[in-house]
Structures are given as C-alpha cells and as structure tokens.
Amino acid sequence: MTKITAAITAVGKYIPEYALTNKELETMVDTNDEWITTRTGIKERRILKGEGLGTSFMAIKAAEDLLQKSNTNPEDIDMVIVATATPDMPVASTAAYTASKIGAVNAFSYDLQAACSSFLYGMSTASSYIESGRYKKVLLIGADKMSSIIDYSDRATCIIFGDGAGAVLFEPNNDGLGLQDEYLRSDGIGREFLKIDAGGSILPASEDTVKSKQHFVHQEGRTVFKFAVSNMADVSEKMLTRNNLTKDDIQWLVPHQANKRIIEATANRVGLEDDKVMMNIHKYGNTTSATLPLLLADYEKELKKGDNLIFAAFGGGFTWGAIYLKWAYNS
C-alpha cells in the first residue's frame, strides 16, 4: 500500500497597503536607515491600519486568495489552523472565526501559538492530520498583526516587526511528494529573553501594567540573536545529514525572516548560495507566523515539482526546528 504523504497544493497571501519605511522610523525613534539595513536587512514593513481590523482580517484575505487561485471550494476543507502570536482576542478562537468567514462550514479549527515557529509547527500538525488518512484538505494560515504588540518608542523592536498573512493548503499525495522529515525543538530557558510580561495569567492586565508598557514585546536582542543563529543553522544541517542530502540536492532554503544575518549564517552552514535562499525581509520585516508562507507565495512561480525545500525557524519560548519538504506542483 502506497504511503500517504502531505503535500502543499496551493498558496495565498495578504499584505497590508501601508508601508512603514526606515525613513519614517527615523522621525519616530533614534535610528537611521543605514543602521537598520546593515543590522537587519529590513527596508520597510507593512502595517495594518483601520479600526477593528485584527489578525483574522489578514488571515481571511490570505485564505480567500488561496481559494480563488486554486479554485478550491471552502466547503471541502476539513480543517483550518491559524498559526499566530497575535490572536484577535483571548479565549475566542481566531481560526474558528476565520473558517466561518471564508465559508469553510465543514471544518473544525483552532489556533496554534509557538511565536515565530508557529507556522513551522503548524506544518507538522497539518501534515500529521493528512497522513492519518482521516482528512483530505487542511488549510494552514500564518498571520500576525505585530503592530498591535509593538511599542513604537522602543527602537529595539519597532524596527523589526511587520504585519502580514500567508496560507497553504495541505492535501494527500501518493507520489512521495510533500513533507519528508522534521526536527522540532523547544527550550523554556528562552522565556526571559523574548516575551510580553503582562496580559496572561501570571500578571493580568491592570492600570499599572498598561502605564508601565508591559503589554508590548520585550526582547534581549543579543541573546536571542545568538540562540537563533546557532539553533537555526544546527537544525538545517541536521535535516541534510539525516536525509543523506548534500547542498547540491537542495533547491531552496526557506528560512524564517527575523534578521538577514541569521538567514545568511544558516545558509552558510549548509553551503547554499544566495540564489537558493528565499528572502523578502527587506519588504516585510519579521511578520512572525507569516514569514514562511509569504516566502512561498512570493517565490511560487520559481518552484518546480520535485524541488527539495528546507524550512527553518526560530521563535520565542524558545521554539525552533526544520522541515524537509518536496514541492508538489509547477505553478
């Protein structure tokens, strides 16, 4: 009996219209375009404007783009996962709302949160449901409105993050294409270095927490950078070694877009040239859960059936990992 694998069969994206450039940031905090570009590779990031618009707005738009491009009937979708660090609200599921709004009335849905590794973990989850044989179409969306949790007077974080969403559809494959291997890790030591202090069960929201800006992202940049460089590179190399692959066997590295220097360090570890490394950080910044699907959407026309892709990500918590996937179609 042929083994069922889980393949990506369609992609979609949504990027807000408003572009926050480095030049504009120069008027907001003590920074400059050259400093930001040299250290991060970011030129601009997109910001979702509009009253009452949250992560679900972008998730819905990305899903609708995928459905339209692939001519998929939303009623055929079995499951919707929204990978996000910025859900619309606590308790009420962003994924459930998203599924209802796109017409996926036969799907069950939930959110998945692992900071910047959320989409990577979501790939593992979606693939497992497909490989079980019980589900045929799983829609995985990575979406984050990072501007909702960023303090724009904190130059350590406001230069990095942006808003956006991307979506992929996983379906069964009998030709050996799709997800081949994964290596996912976590370490709670990271809790102190990248976090939001208030708003959870330890420190509920209060007048004092709002006044002291404890509902915004706090990051110890040097520590996070060090962990990200070593761990993203390690797991990417492990994917090649474990699957007897050389750099010549890999068509694309699909790395989380946190910092251009981290991306370059990961590519160097596995010996990949620049033209094999997907990168759009200069346009969008770090969109957290959306970086990986946005890369696939931007590079979709260059992907060929059978291409070997290595996905790698690192996020708060700490969470990180790599996935080896064979691309399933020619666009």
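- You'll find the chain entered in an unreviewed UniProt entry as Beta-ketoacyl-[acyl-carrier-protein] synthase III, with Tenacibaculum singaporense given as the organism.
- Word for word, the UniProt comment on the chain under Subunit (unreviewed entry) is "Homodimer."
- Note on the chain: under the UniProt heading Subcellular location (unreviewed entry), the record states "Cytoplasm".

Here we look at unusual backbone geometry
So, step 1. Here Gly 317 and Phe 318 are connected by a cis peptide whose omega angle stands at -5°.
So, step 2. Tracing the sequence through the fold places Phe 318 in the loop between β12 (308-315) and β13 (319-326).
So, step 3. Positive phi outside glycine occurs at Val 91, with the angle close to 75°.
So, step 4. With respect to the helices and strands, the residue Val 91 is situated in the loop between β4 (79-83) and α4 (94-102).

Some remarks on the pairing of strand β1 (residues 5-14)
So, step 1. The element β1 is largely enclosed, with a buried count of eight among its ten residues.
So, step 2. Of the strand pairs in this sheet, β1 and strand β7 (residues 163-173) are connected by nine bridges, and their pairing is antiparallel. Each bridged residue has a counterpart across the sheet, and for Ala 6 the counterpart in β7 is Pro 172.

Structural notes on the environment of Lys 260
So, step 1. Mapped onto the elements, Lys 260 comes out in helix α9 (residues 260-269).
So, step 2. Spatially, the C-alpha atom of Lys 260 lies 14 Å from that of Ser 230, the residues being 30 residues apart in sequence.

Points about the side chain of Thr 5
So, step 1. Mapping Thr 5 onto the fold places it in strand β1.
So, step 2. Only 2.5 Å separates the side chain of Thr 5 from the backbone oxygen of Leu 177, close enough to count as a polar contact.
So, step 3. Once residues within four sequence positions are removed from consideration, Thr 5 is found in contact with Ile 130, Glu 131, Glu 171, Pro 172, Asn 173, Gly 176, Leu 177 and Leu 179.

Section: the sheet that holds β1
So, step 1. Pairing is mixed in the open sheet, where five strands are placed in the order β1-β7-β6-β4-β5. Taken across any chain shown, the strands that pair with only one partner, and hence form the sheet edges, are β1 and β5 (108-112). Taken over all neighbouring pairs, the strand axes of this sheet differ in orientation by 20° on average, direction set aside.
So, step 2. Pairing between β4 and strand β6 (residues 138-145): five bridges, direction parallel.

Here we look at α9
So, step 1. Taken residue by residue, α9 has Ile 262, Ile 263, Thr 266 and Ala 267 as its buried positions. One side of α9 holds all its buried residues, which, seen down the axis, span an arc of 135°.
So, step 2. At the N-terminal end of α9, a side-chain oxygen is found 2.7 Å from the backbone nitrogen of Arg 261, two or three residues along, and the residue is Asn 259.
So, step 3. The positive-phi residue at the C-terminal boundary of α9 is Gly 271, with phi of around 75°.

Brief notes about the domain arrangement of the chain
So, step 1. As far as domains go, the chain holds domain 1 (5-176) and domain 2 (180-327).
So, step 2. A C-alpha centroid distance of 14 Å is found between domain 1 and domain 2.
So, step 3. The interface of domain 1 with domain 2 comprises 50 residues on the first partner and 47 residues on the second.
So, step 4. Carbon and sulfur atoms make up 62% of the surface buried where domain 1 meets domain 2, a total of about 3600 Å² over both sides.
So, step 5. By the criterion of area lost to domain 2, the three top residues of domain 1 are Cys 116, Leu 120 and Tyr 121, representing 17% of everything that side buries.
So, step 6. Between Asp 151 and Lys 213 there is a salt bridge, with its nearest N and O atoms 3.6 Å apart.
So, step 7. Linking domain 1 to domain 2 there are 20 residue pairs in polar contact (both at pLDDT 80 or more).
So, step 8. Of all the secondary structure elements, the ones that give two or more residues to the side of domain 1 that touches domain 2 are β1, α2 (33-40), β3 (44-47), α5 (118-131), β6, α6 (155-158) and β7.
So, step 9. Ranked by residue count, the leading element in the side of domain 1 that touches domain 2 is β7, at seven residues.
So, step 10. Across the side of domain 1 that touches domain 2, the residue classes tally to 25 nonpolar, 14 polar and eleven charged.

Rules and cut-offs
Residues numbered from 1 in each chain as written. Predicted model: local features only at pLDDT ≥ 70, side-chain atom pairs only at ≥ 80, totals over all residues. Heavy atoms only, no water. UniProt positions renumbered as here; feature names shortened; annotations may be inferred. Helix = DSSP H or I, 4+ residues; strand = E, 2+ residues; numbered from the N terminus. Buried < 20%, exposed > 50% of the residue type's maximum accessible area, 1.4 Å probe, protein only. Pairing = 2+ DSSP bridges. Polar contact = N/O pair within 3.5 Å; in protein donor to acceptor, adjacent residues only side chain to side chain. Contact = heavy atoms within 4.5 Å. Axes fitted to C-alpha atoms, helices over the stretch in contact; angles between N-to-C directions. Arc of directions from axis to C-beta. Domains from an automatic or database assignment. Buried area = accessible area lost by both parts, 1.4 Å probe. Salt bridge = Lys/Arg side-chain N within 4 Å of Asp/Glu carboxyl O. Nonpolar A, V, L, I, M, F, W, Y, C, P; charged D, E, K, R; others polar.

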